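Fold and contact review
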Amino acid sequence: MTKKKNTWKNPLAIWGAKGGNYEVPTPPYKDPHDIWKKTNSYKVPIKKIGRFHYEYKSSNHGNKIWNRLRWWPTRRTILWTKGVYNRKSLKAEKIRKDKRPIFWFFGLLFLAIAPFILPEGNKTALLTAGGIFGIYASINLCWTLIIGTAGIFSLATYAIVGISAFFTCWLSINLGLPWWTLPLIGMFIGLGFGIIIALPALRLDGFYYGLLTLGLNELCRVFITTSKAFGSASGGLFGADTFINQDWTPMTQTYASYYSAFLLLIAALFLFRFVDGKRIGRILKLAPEKKESFAEASGVDYKRARVTVFLISSVALGFIGGFYAAYYRGVAFNLFDFHTVVMGLAMITIGGIGRSEGAVVGTLIIVILDRVLIELGPMRYIIIGVLMMFTILFLRNGLFGIRKQFKEWRNKKKNEVRSTRVERGGEMLPEQSTEMDNKDEVYRKRYDKMQREFLKTLICNEIIEEHKNKPLGQHSEALERVLYYFRRAAMNDKYVVKCEEPFKKYKIMALSGVRGRSPRLVEDKVYPSVTDAYHGLFLRRVQDLMEA
Amino acid sequence: MNDIVFLLINGITVACIYGLVAVAVSITWSALGLLNLSYGFIFSFAGYGAWLAERHLWGEPIFVLFMGIAAGVVGGVLVCLLVFIPVHDKPNFTIRGMIGTLAVSLIGGQILLQSFGPKAKLLPEFFGYSKIKILDVTLTADKIGVIISSIIMLTLVVKWMKSSRRGLEIRAMMMNPHAASIVGIGVRKTGIYVMAVTGAMTGLSAALLSQTYYLSPFSGLTPMIKGVSIALLGGLGSVRGAVIAAIILGFNEALTTKFIGGRYVLITQFTLIIIVLIFRPRGIAGILDKAREA
């Protein structure tokens, strides 16, 4: 026993309460709040995990929370801005819902002023690489339209460019066509070739078509490389008319070629925007792979849209082919190499298939590795291969899919952590509690359980002895708590004392809890006095409490 | 007449070699759902394996041939470990797997180029230099050897797939990969078997082709593209379709070379493939049996 005297003094003793019971032994005081605190505290370690993603909010003038400035003459706002009020300070704030135009603007601005800010030492090499980047990025944008928007897995993109470049170059050499006709003629060649290879696309699905176009690429390579007219002896066809005047200084020529490739890139970006972001692209977004039948049922002619996008891209690729011939004054066979296809695939894979920024940034990375870091030697191809491997092993959709993938991963982790924190009181199964209409009952049961847990700790010989001595009247704190609980119990199966013969025979019964239905006898034991019956009833209740 | 028979024999020889790759592509696609475009690399890898074995171990032609097959198995399992096993349960598996095999072939080709240099290598003649004359058609030993060894290989593989427990697992994966995994067929384990067997086939074709042509880090590319075309015509996933397609394309190659010119082989070939595919999008196997959903 503790040093503290565990006795309870009856406050009514000074008036001489009936039946004695002035000072009784009692269990030490227990705080009823302890069990509440214990139940409500987490017994598992709580890991902090982010809930909101940070979003920069800029402040605003006055009460104007949105900006009405628009691109003239459309109704399009400059940036997609949403006005919100800060939840805490109620200050007006702006959120830029789509920050991509900002990044595009600064990226393209950098490309536009690059010739003036690049270091003088290797400017020519960098600008040449920049020109290659512009052309390849344009090709990859068109390819992204085919693979991403149209969902046609074609690997013959470089073949279209190559065919167009070879034919326009041949025409320029043999018919003396001026340079500005080459891209225009290239468009027709691209359209023709596009129609030929679009035919099987209508019938074949997915990867069958990919393999077929891989073969078509090889077919073009073999046909062109073995053909005398296309310079099988010299490794390519050279001598087309060009827009870069040979009389200019070398630096001017470099600038001219760089800026022409830059303009091509801008044009390709506009094409991407106006195909992918407008009606036809929206139609195709409704008909992703394996959901074509749904789109068809919704009245979308997705096949027509796909072929249209394919042909538009083919025309654009033909244009780029003619541009290529005029840009380099000719074209080499390596445009048809399997290696070129793999490099192109590396570009769009690393950036992320189906997104314009993915195509452009992927091209930038590969061109830097391939054309700028030449001193690495063949090592750079291994680096590119490792980058590709890394991308497919760990990233779902390239660099620009990281954000979405990270958010999904964080949500998954968040839910995992949250599920470890979930504790059930055990008073009700989850499915029971969802099926119960009265949710108060769930909480009542939980509270009831806590209370019973607490009361169980109070039951001891002292209070039983105290109750035996004096069932009615003032009791110690512990006993009083137990008795209050018993008295407050629901009517069904509540024990009551039945008087069979006053002062002689008492029995214990249980109420039915239903009006009109008589109580039932719970035991045949006969108590000689009402006090004994009270105590017997108390013992039964204690037993029920301890067993429940 | 003699010329045509000669060309047909040539066609069958070529069909045998490319047919092996085609069946390999086909089985990989149907059993694993993996479009393996690294057979070009496995081909060169096996060829160099055979070449190294001949140089450093034992020059006996049959031993070299078997070492080529063994190197093919190693190459196949390597691709399986690098690409199939990590990616097979991730979203967009088909496209990621295909790009992964391309990356492996890019890296592998560069490593082979670094290790062995761009100079072409030649393997020894496995079947000697004897000649047989049947009905005034001269057959060289290497052609007969190529035809017989590829038929043996193919028969063994088909027998193995038909009669063994592992083959049963692979066929179950071909029919319904999901159900197969539910009844306890391990996808990864099966992947390794499939890639080992198909690697062996590619290894054999590499050894057979490298004795007549040459061996270089990227010499596997043409056989792979031919194999893929045959598999496409035959219908991905069907061994019978691939065999029929190989014979058709072999004859096409022989006849086009004879009557139109060698330059136009690929043009007639792809015209043929496109025509068949326009009417039968799943290739010849679309008539024969069910192919895996793309």
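None of the values given here were measured: they were computed from a predicted structure. All residue numbers refer to positions counted from 1 along the written sequence of the respective chain. Throughout, the order in which chains and ligands are written sets their labels, letters from A for the former and numbers from 1 for the latter. Selection of residues for local features in this predicted model requires a pLDDT of at least 70, selection of side-chain atom pairs for listing and counting requires 80 or more, and totals for whole chains, interfaces and linings are taken over all residues. To obtain the side-chain values, all non-hydrogen atoms of the structure were included, while hydrogens and water were left out.

Some remarks on the overall build of chain B
From N to C terminus, chain B includes 12 helices and two strands. Helices (α) and strands (β) of chain B occur, in sequence order from the N terminus, as α-α-α-α-β-β-α-α-α-α-α-α-α-α. Projected onto its principal axes, the C-alpha coordinates of chain B cover approximately 60 × 50 × 35 Å. Whether a residue is buried, partly exposed or exposed follows from its accessible area with a 1.4 Å probe, protein chains only, as a fraction of its type maximum: under 20%, in between, or over 50%, in that order. In chain B, which comprises 294 residues, the proportion classed as buried is 57%. Considering only residue pairs separated by 6 or more positions, chain B has 75% of its internal contacts joining residues 24 or more positions apart. With 23 positive and 11 negative side-chain charges, chain B shows a separation of 8 Å between the mean positions of the two kinds. By the criteria applied, helices consist of DSSP H or I runs no shorter than four residues and strands consist of E runs no shorter than two, each listed in order from the N terminus. We call two residues in contact when some of their heavy atoms are within 4.5 Å. Charge counting follows a simple rule: Lys and Arg are positive, Asp and Glu are negative, and His as well as the terminal groups are ignored. Where a charge lies is defined by one atom per residue type, namely NZ (Lys), CZ (Arg), CG (Asp) and CD (Glu).

Thoughts on the sheet that holds strand β8 (residues 495-501) of chain A
Residue and element names in this part refer to chain A. With respect to topology, three strands assemble into an open sheet ordered β8-β9-β10, the strand pairing being antiparallel. The outermost strands of the open sheet, each flanked by one partner alone, are β8 and β10 (520-521). When DSSP finds at least two bridges between two strands, those strands are taken to pair. Summarising the sheet, strand β9 (residues 505-510) and β10 pair through two bridges and their orientation is antiparallel. In the strand pairing of β10, A510 is matched with R520. Sheet contacts for helix α19 (residues 530-547): β8 and β9; angle to β8, the most-contacted strand, approximately 150°. Only C-alpha atoms enter the line fits that serve as axes; for helices the fit covers just the stretch in contact. Angles between N-to-C directions range over 0 to 180 degrees.

Side note on the side chain of S164(A)
All names here are of chain A. Mapped onto the elements, S164 comes out in helix α4 (residues 157-175). For S164, a relative accessible area of 0% corresponds to the buried category. Sequence-distant contacts of S164, that is, excluding residues within four places in its chain, are made with G186, I189, G318, G321 and G322.

Notes on a positive patch on the surface
A surface patch of positive charge is lined by R76(A), R273(A), K278(A) and R282(A). Tracing the backbone through its elements, the reader meets R282(A) in helix α8 (residues 279-285). Note on patches: the residues involved have over 30% relative accessible area and no salt bridge, like charges join within 9 Å, and the nonpolar side chains Val, Leu, Ile, Met, Phe, Trp and Tyr join within 5 Å. With residues, only the protein chains shown are counted as cover, and all accessible areas are computed by Shrake-Rupley using a 1.4 Å probe. Note on definitions: salt bridges are taken to be side-chain nitrogens of Lys or Arg within 4 Å of carboxyl oxygens of Asp or Glu.

A word on the packing of aromatic side chains
The geometry of an aromatic ring pair is captured by the separation of the ring centres together with the interplanar angle, meaning the angle of the planes. Centres within 6.5 Å are what make two rings of Phe, Tyr or Trp a pair, Trp counting through its six-membered ring; a difference in plane orientation under 30 degrees is then read as stacked, over 60 as edge-to-face, and the rest as tilted. Evaluation of the coordinates by the stated rule reveals 25 aromatic pairs over all chains. Ring geometry for F270(A) and F274(A): centres 6.1 Å apart, planes at 10°, overall stacked. Residue F270(A) and its partner F274(A) are located together in helix α7 (residues 250-276), separated by four residues, close to a single helical turn. On the basis of relative accessible area, F274(A) is assigned to the partly exposed category, the value being 48%. Summarising the aromatic geometry, the rings of F84(B) and F93(B) are spaced 5.9 Å apart at their centres and angled 70° between planes, so their arrangement reads as edge-to-face. Each member of the pair F84(B) and F93(B) is classed as buried. Put simply, the rings of W179(A), F243(A), F323(A), Y324(A), Y327(A) and Y328(A) pair up and form one aromatic cluster.

Here we look at the interface of chain A and chain B
Taken together, the 39 residues of chain A in the interface contact 46 residues of chain B. Buried area is a sum: the accessible area each of two parts loses on coming together, probed at 1.4 Å, counted once for each and added. Summed over the three residues of chain A that lose the most area to chain B, namely F207(A), Y208(A) and L211(A), the buried surface amounts to 19% of that side. Residues adjacent in sequence count toward polar contacts only when both atoms are side-chain atoms; beyond that, a polar contact is any pair of N or O atoms within 3.5 Å, and within protein one must be able to donate a hydrogen and the other to accept it. For the interface between chain A and chain B, the tally reads three residue pairs in polar contact (both at pLDDT 80 or more). At the level of secondary structure, the elements contributing two or more residues to the side of chain A that touches chain B comprise α5 (181-203), α6 (206-225), α11 (338-351) and α13 (379-394) of chain A. For the side of chain A that touches chain B, the residue count by class is 28 nonpolar, six polar and five charged. Here the nonpolar group is Ala, Val, Leu, Ile, Met, Phe, Trp, Tyr, Cys and Pro; Asp, Glu, Lys and Arg are the charged ones; every other residue, Gly included, is treated as polar.

Description of the domain arrangement of chain A
How big an interface is tends to be stated in terms of the accessible area lost upon association of its parts. Here the limits of each domain have been adopted from an automatic or database domain assignment. The domains assigned to chain A are domain 1 (7-36 + 447-547) and domain 2 (103-412). Placing the centre of domain 1 of chain A and that of domain 2 of chain A at their C-alpha centroids yields a distance of 88 Å.

Re the packing of helix α2 (residues 39-56) of chain B against helix α8 (residues 187-212) of chain B
Residue and element names in this part refer to chain B. Between α2 and α8, the shortest axis-to-axis distance is 8 Å and the interhelical angle comes to 60°. Judged by the angle between their axes, α2 and α8 are oblique. Considering how the two elements wind past one another, α2 and α8 form a crossing that is right-handed. Mapping the contact onto sequence places Y39, I42, F43, A46 and G47 in α2 and M195, T198, G199, T202, G203, S205, A206 and L209 in α8. Residues that form the contact of α2 with α8 fall into these classes: seven nonpolar, six polar and no charged. Orientation labels follow simple angle bins: below 35 degrees gives roughly parallel, above 145 gives roughly antiparallel, 65 to 115 gives roughly perpendicular, and whatever is left gives oblique. Helix crossings are classified by the rotation of the near helix relative to the far one: an anticlockwise turn of less than a right angle makes the crossing left-handed, while a clockwise turn makes it right-handed.

Observations concerning the nonpolar core
Each nonpolar core is a collection of buried residues, namely Ala, Val, Leu, Ile, Met, Phe, Trp, Tyr and Cys, held together in the definition by side-chain atoms within 4.5 Å. Formed by 184 residues in total, the largest nonpolar core has its most connected members in I135(A) and M98(B). Apart from residues lying up to four places away in sequence, I135(A) is in contact with A261(A), L264(A), I320(A), F323(A), Y324(A), Y327(A) and Y328(A). Judged by nonpolar contacts, the second largest core, of 17 residues, contains I35(A), L455(A), C460(A) and L545(A).

A word on the pattern of salt bridges
Applying the stated criterion to the full structure yields 23 salt bridges over all chains. Here E501(A) ties to K504(A) by a salt bridge, and the two come within 3.9 Å at their closest N and O atoms. For R166(B), the salt bridge is made with E169(B), and the minimal N-O distance between the two is 3.5 Å. Pair noted here: R166(B) and E169(B) are both in helix α6 (residues 165-175), with a separation of three residues, about one helical turn. Of the residues examined, R166(B) reaches a relative accessible area of 28% and is grouped as partly exposed.

Here we look at the pairing of β8(A)
Residue and element names in this part refer to chain A. For β8 and β9, the ladder comprises six bridges, and the chain directions are antiparallel. Residue pairing across strands places V496 opposite M509, the latter belonging to β9. Hairpin remark: β8 followed by β9, antiparallel, with three residues in the connecting loop; positive phi at F503, about 65°.

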